[in-house]
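Understanding the architecture of this molecule
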Amino acid sequence: MSTHTAAHGSHEGQDINYLNHQKGLWSWLTSVDHKRIGILYLLSITLFFILGGIAALFMRTELAFAGPTLKFLTPQMYNVLFTLHGAVMIFIFVVPGIPATMGNFLLPLMIGAKDVAFPRLNLFSYYIYLAGALLALFAVFWGVIEARSLEGALDTGWTFYAPYSIDSGTSVTLMAGAAFVLGFSSILTGLNFVVTIHKLRAPGMTWGRLPVFVWATYATAVIQTLATPVIGITLALLMMERIFGVGIFNADMGGDPVLFQHFFWFYSHPVVYIMVLPAFGVVAEIIPVFSRKPIFGYRAVCYATLAIAFIGFTVWAHHMLVAGISDTSAIFFSIITFAVAIPTAIKVFNWVSTMYRGSISFDTPMLYAMAFVFLFMIAGTTGIYLATLAIDVFYHDTYFVVAHFHYTIQGGAVIGLIAALHFWFPKMSGKMYNETVAKFAFALVFIGFNLTFLPQFGLGMMGMPRRYYDYPIEFETLHTWSTVGAFLNGFGYTFALVNLAYSALFGKVKASSNPYNSLSLEWQTKSPPIHENFEEIPVITEWTYGYGKPLPNTHH
Amino acid sequence: MFRFLPEQASEHAAEMDWIHHWVTDISVFFTVAIVGAMLYFAVKYRKRGGVDHETPRIEGSHFLELVWTIVPTIICIFVAWEGVRIFKDIRKVPADALTLYATGSQWKWDFEYDTGKKTTNNFVLPVNKPVKIVITSQDVLHSFFLPSMRVKVDAVKGLYNYVTFKPIKTGDYRLFCTEYCGKDHSAMLGTLSIVSENEYTRWVNDKSEKQTSPIERGKLLYVEKACKSCHTLDGTRGLGPSWLKLYGKTGKFVDGASYTADENYLRESILKPNVHLVEGYSPAMPSFEGQLSESDLAGLLAYIKSIDGTGPKTAPAATTAQQPAVDLTKLSPAERGKLIYEKGKGAGAPCLACHSLDGSKLVGPTYKGLYGKEGKWADGQTYTATDDYIKESILNPAAHVAEGFAPAMPPYQGILNDDDIKDVIEFIKTVK
């Protein structure tokens, strides 16, 4: 590993770092420093995570009991809530999620670069993101003002399916415009990362030595660059459909509503991997450090990442197996979907094997990483049901899909992000968080999450359709449990976030540069890092995961 | 473990549930094994006394990577195969299946039976008889889900989808809409009652008000819309393919692609006839887009399906009885001509099937500005559209075919007399 940087820890001016080398709001808003931009993204997406979460809690409250539960909430308002929950969580929170926050912060540090390849473009991406997010908020307010009720906000579901989205009187055009704008932020970030990884690796940081998180970010960036334009075109067509009536998705004018679904999922399936691949990367960073073992099967893990990204482009129509595509296409897309299961399984086996004969400590990040493995096993195996053609006929558009999706995205991407925030918190803030509160929050999140979504698998098995404001009485018990779980889950996230925020702002315990004794490059510079990341360009001489006593046959 | 699926009320439910339960068991096994291994490692290899013990630098194992690539691959192939096999089974429509039509709209399901019985949201089927439900939508997307029958398909405007199953237990079963469709999506519920054959027969024939069956409706349209001028019922070749045993037939388009004459093919052929042309036929058929309602289309399909060689093969006569009696002598010649143009006469199809009034080119030339026009025949000779020319064109259309048109028109010799023809010519003169 790097030999130079750690030795220079105690220079004069050691308290100068990226957080305090320039002061004032303006210095933050105009900073092209990847670390500061990562923090800006983090604050922004957290705000939207809270908004999306509040919408979810209102939904769960309404669903707690059969019949109308909240007096003021009409069926149409419920439709608006699940739409906003989905649209905000997907487009404004999870898609930027780990890549824009942790990716921005860590990528240059992990490869030994001073910044990303195009620092100003990076800041521009953030402002495009901000513009898109504000436009989305404006769309909501505009809809509400026009209808003088929450009912006018946006009611198409986050999927914007035509022809409903063409006819809906809510602020679909503006919201589609917001998602369109957000897409550009994603494309530019992806492009920036691809170039950074290709061109800015420090001397000796070969592809075979890159941390798995960098591989995951690379695969993600490629998907962002290639898939996002398709959703841009799709949403642009939807806007044109609404404004000019071009007719491409309108059966009355010879258009095809199913075509919208093809376009939509051509992006929105790969986007699932934009969300979870970075989380896979996070887990692959955490488990080796807390097991004091190299990641098991490094090459297999990296190739599996690329394989998932690639195959992810070819399976989109498994979201449409009962949508009226031909039986032949349904068979084709079902079989291809199974091909994604295999590299995913390989990853899980490798994570668990990494712990074999390790020296395992249970700091909060490790707890989240282990929870991730458990949750992702459920997400993955329930994915097998949905890929199986005969079973999907029953499960499509039921709560089974809702539960599967949340195990993948919340259990995967969100737990991955929370794990990453705890793991790299000392590096980002220069402080340590309160471990007891963090573990308590973890317990709440883990129990709450499972209590929310395990009953939803049961609901799906019983045939409960998704996106229902109300339901027949036989579904009530499981819904009630799910609501209890949702609140526990919400409290858990609140504790976790408040703990981190409080520790960052008012915490007294300073973090050392490498509190976990990690071998990865980002831990070989100060906590928090200086503005330029490293005092000298590091020279890498070893593999990132050289933990433990070398065996006779060690080849790295 | 985890056997929460609803009652198995259709024949294929047991088979579907078999693969479902198999996936459940294998999933539980692997989850317990992998998470169990993780927890076992976590306990066994935990850091003790706050000090790391020495760990071996194990970087991987080619053997293990192979094992956990090959084993999941084999399992996936098996599950995918079984999923496809069972899916094919449950999509196969038995020959003796009862057909009914379901149309979703915000926020209800409308059903129509062969007998003309119509019902909304709640519908009835006989036990132990296979059924095919042809599903479409009048507005946004809906999805037709009968959990106990283990069937689901989306209802899409402009497209026919279907589900097929054989109910094996009497009782009432839930029908859900599972594709989000707006405000009252969660209230778009229905009930399927499975009853004995006798009870079903009584129910389906009990019509509170007079309703025409889809087949009767299709039969009327066959005459009214002049399908019969080009499509025979006895298998002989007209300008277009005969409808005898047309449903389910396979063939080739001019571009070489093959087709099966199913509901969606017929729908496209009626609404957009020239998109896919059947080999050996010319693009002569006018589009009926905008002229037929969903219920008209369902009627035509039902009628086409009924021409399976068991019924009469002669074309039904125009139902003149239904037309209001008009005292023809009180009308002007041009008005009488217009009547023939619109309604036809006797066994003769109405002219409007092939001749427009607005200048657009259908199978035949438009009447707009036709009278007195000069043009060329297919053999290069010029003509002027005088009384004699028009008369000959009506009585013996094949004698001279105008350039750019197919010899598609049937002769009206013996159908229209001289007075009728004068009336038609007077009418044509008025279309300028």
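Since the model is a prediction, treat every value here as computed from it, not as a measurement.

1. Considering the overall build of chain B
Looking only at helices and strands, chain B features nine helices and 14 strands. Taking 2.2 N^0.38 as the reference for a compact globule, 432 residues should give roughly 22 Å; the C-alpha atoms of chain B span a radius of gyration of 31 Å, well beyond that estimate. Each principal axis of the C-alpha distribution contributes one length, and for chain B these read about 115 × 55 × 40 Å. For chain B, restricting intrachain contacts to residue pairs at least 6 apart in sequence, the fraction spanning at least 24 positions comes to 63%.

2. Some details on the overall build of chain A
Helices and strands together make up the secondary structure of chain A, namely 17 helices and zero strands. With the C-alpha coordinates aligned to their principal axes, the bounding extent of chain A is approximately 70 × 50 × 45 Å. In chain A, which comprises 556 residues, the share counted as buried stands at 62%. Counted over contacts in chain A with a minimum sequence separation of 6, partners at least 24 positions apart contribute 84%.

3. Here's the deal with the packing of helix α15 (residues 399-429) of chain A against helix α16 (residues 435-462) of chain A
Residue and element names in this part refer to chain A. Where α15 meets α16, the axes come as close as 8 Å, and the angle between the chain directions of the two elements is 165 degrees. As judged from the angle between their axes, α15 and α16 are roughly antiparallel. The two elements α15 and α16 cross, and the hand of that crossing is left-handed. For the pair formed by α15 and α16, the contact residues are Tyr399, Phe400, Val401, Val402, Ala403, His406, Tyr407, Gln410, Gly411 and His422 on the first element and Ala438, Phe449, Phe453, Gln456, Phe457, Leu459, Gly460 and Met461 on the second. In terms of residue class, the contact of α15 with α16 is built from twelve nonpolar, six polar and no charged.

4. Notes on the interface of chain B and chain A
Contacts between chain B and chain A engage 69 residues on the former and 77 residues on the latter. Of all elements in the fold, only α1 (13-44), α2 (62-91), β6 (142-146), β7 (151-155) and β9 (171-177) of chain B reach the threshold of two or more residues within the side of chain B that touches chain A. The element that contributes the greatest number of residues to the side of chain B that touches chain A is α2 of chain B, accounting for 15 residues.

5. Here we look at α2 of chain B
Quick reminder: α-helices carry 3.6 residues per turn. Residues three or four places apart thus point the same way. For α2 of chain B, which comprises 30 residues, the first-to-last C-alpha distance of 43 Å matches the rise-based estimate of 44 Å (1.5 Å per residue) to within 8%. Every buried residue belonging to α2 of chain B is among Glu65, Trp68, Pro72, Cys76, Val79, Ala80, Gly83, Ile86, Phe87 and Ile90 of chain B, and all of these are buried. Buried residues in α2 of chain B make contact with α11 (298-311), α12 (327-354), α13 (364-387) and α14 (389-395) of chain A together with α1 of chain B.

6. With respect to the domain arrangement of chain B
Residue and element names in this part refer to chain B. In terms of domains, chain B is made up of domain 1 (13-45 + 59-91), domain 2 (98-205), domain 3 (214-306) and domain 4 (320-430). Here the C-alpha centroids of domain 3 and domain 4 sit 24 Å apart. On the domain 4 side, the residues contacting the eight residues of domain 3 number nine residues. Across the side of domain 3 that touches domain 4, the residue classes break down as four nonpolar, two polar and two charged.

7. A look at the sheet that holds β9 of chain B
Residues and elements named next belong to chain B. Taken in spatial order, the five strands line up as β4-β10-β9-β6-β7 in an open sheet, and their pairing is mixed. Two strands bound the open sheet, and with one partner strand each, they are β4 (122-126) and β7. For this sheet, the mean angle separating the axes of adjacent strands, direction not counted, is 25 degrees. Pairing of β4 with strand β10 (residues 190-195), which is carried by five bridges, proceeds in the parallel orientation. Opposite Leu125, over in β10, you have Ile194 as the bridge partner. Relative to β4, helix α3 (residues 197-205) is tilted by about 135 degrees, and along the sheet it contacts β4 and β10.

8. Here's the deal with unusual backbone geometry
Residues and elements named next belong to chain A. Omega for the peptide link from Ala162 to Pro163 comes to 5 degrees, which places this bond in the cis form. Note that Pro163 resides in the loop between α5 (119-147) and α6 (164-167). The linkage connecting Ser527 with the following residue, Pro528, adopts the cis geometry, with an omega of -10 degrees. The residue Arg292 is not glycine, and still its phi comes out positive at about 55 degrees. Within the element layout of this structure, Arg292 appears in the loop between α10 (270-291) and α11.

9. Thoughts on the pairing of β10 of chain B
Residue and element names in this part refer to chain B. Of the two faces of β10, only the one carrying Gly190, Leu192 and Ile194 is buried; Thr191, Ser193 and Val195 on the other face are not. As paired strands, β9 and β10 are joined by five bridges and run antiparallel to one another. Across the sheet, the residue bridging to Leu175 is Gly190, located in β10.

10. Describing the environment of Thr74 of chain A
Note that Thr74 of chain A resides in the loop between α2 (34-63) and α3 (75-94). Along the backbone, Thr74 of chain A and Val301 of chain A are 227 residues apart, and their C-alpha atoms lie at a distance of 48 Å.

11. Notes on the packing of α13 of chain A against α15 of chain A
All names here are of chain A. Relative orientation of the contacting elements α13 and α15 amounts to 160 degrees, with a least axis distance of 8 Å. In terms of their interaxial angle, α13 and α15 are classed as roughly antiparallel. Where α13 crosses over α15, the two elements pack in a sense that is left-handed. Classifying every residue of the contact of α13 with α15 gives 16 nonpolar, nine polar and no charged.

12. A short note on the confidence of the model for chain B
Averaged over every residue, the pLDDT of chain B is 86; the share at 70 or more is 94%. Within the model, pLDDT remains below 50 along residues 319-323 of chain B, and this stretch shows three contacts once partners closer than five positions in the same chain are excluded.

13. Thoughts on the environment of Lys305 of chain B
Residue and element names in this part refer to chain B. Turning to its location among the elements, Lys305 is positioned in helix α6 (residues 294-306). Under the C-beta neighbour-count criterion, Lys305 is labelled buried, with 20 such atoms within 10 Å. Expressed as a C-alpha distance, the spacing of Lys305 and Trp243, which sit 62 residues apart in the sequence, is 8.6 Å.

14. What about the nonpolar core?
All names here are of chain A. In this structure, Val283, Ile286 and Ala419 are the most contacted members of the largest nonpolar core, which totals 280 residues. The dominant element in this core, judged by the number of residues it contributes, is α15, at 20 residues. The contact partners of Ala419, leaving out residues within four places of it in the chain, are Val282, Ile286, Pro365, Tyr368, Ala369 and Phe372.

15. Some points on the confidence of the model for chain A
Per-residue confidence for chain A averages 93 on the pLDDT scale, and 97% of its residues sit at or above 70. pLDDT under 50 marks residues 1-13 of chain A. Its contacts with residues more than four places away, or in other chains, come to 23 contacts.

16. Focus on the sheet that holds strand β1 (residues 98-105) of chain B
Residues and elements named next belong to chain B. Across the sheet, which stays open at both edges, the five strands sit in the order β3-β2-β1-β5-β8 with mixed pairing between neighbours. In the strand order of this sheet, the two ends are held by β3 (118-120) and β8 (161-165), each with one partner. For this sheet, the mean angle separating the axes of adjacent strands, direction not counted, is 25 degrees. Sheet analysis places β1 next to strand β5 (residues 131-137), joined by seven bridges and oriented parallel. What sits directly across from Leu100, in β5, is Ile133.

17. Structural notes on the pairing of β8 of chain B
Buried residues dominate β8 of chain B, accounting for five of its five residues. Of the two faces of β8 of chain B, the one holding Asn161, Val163 and Phe165 of chain B and the one holding Tyr162 and Thr164 of chain B are both buried throughout.

About the criteria used
Residues numbered from 1 in each chain as written. Chains lettered and ligands numbered in written order. Predicted model: local features only at pLDDT ≥ 70, side-chain atom pairs only at ≥ 80, totals over all residues. Helix = DSSP H or I, 4+ residues; strand = E, 2+ residues; numbered from the N terminus. Rg over C-alpha atoms; globule rule 2.2 N^0.38 Å. Contact = placed C-beta atoms within 7 Å. Buried ≥ 20, exposed ≤ 12 C-beta atoms within 10 Å, placed from the backbone. Axes fitted to C-alpha atoms, helices over the stretch in contact; angles between N-to-C directions. Parallel < 35°, antiparallel > 145°, perpendicular 65-115°, else oblique. Left-handed = near helix turned anticlockwise from the far one by under 90°. Nonpolar A, V, L, I, M, F, W, Y, C, P; charged D, E, K, R; others polar. Expected span 1.5 Å × (residues − 1). Domains from an automatic or database assignment. Pairing = 2+ DSSP bridges. pLDDT = per-residue confidence, 0-100. Core = buried A, V, L, I, M, F, W, Y, C linked by C-beta atoms within 7 Å.

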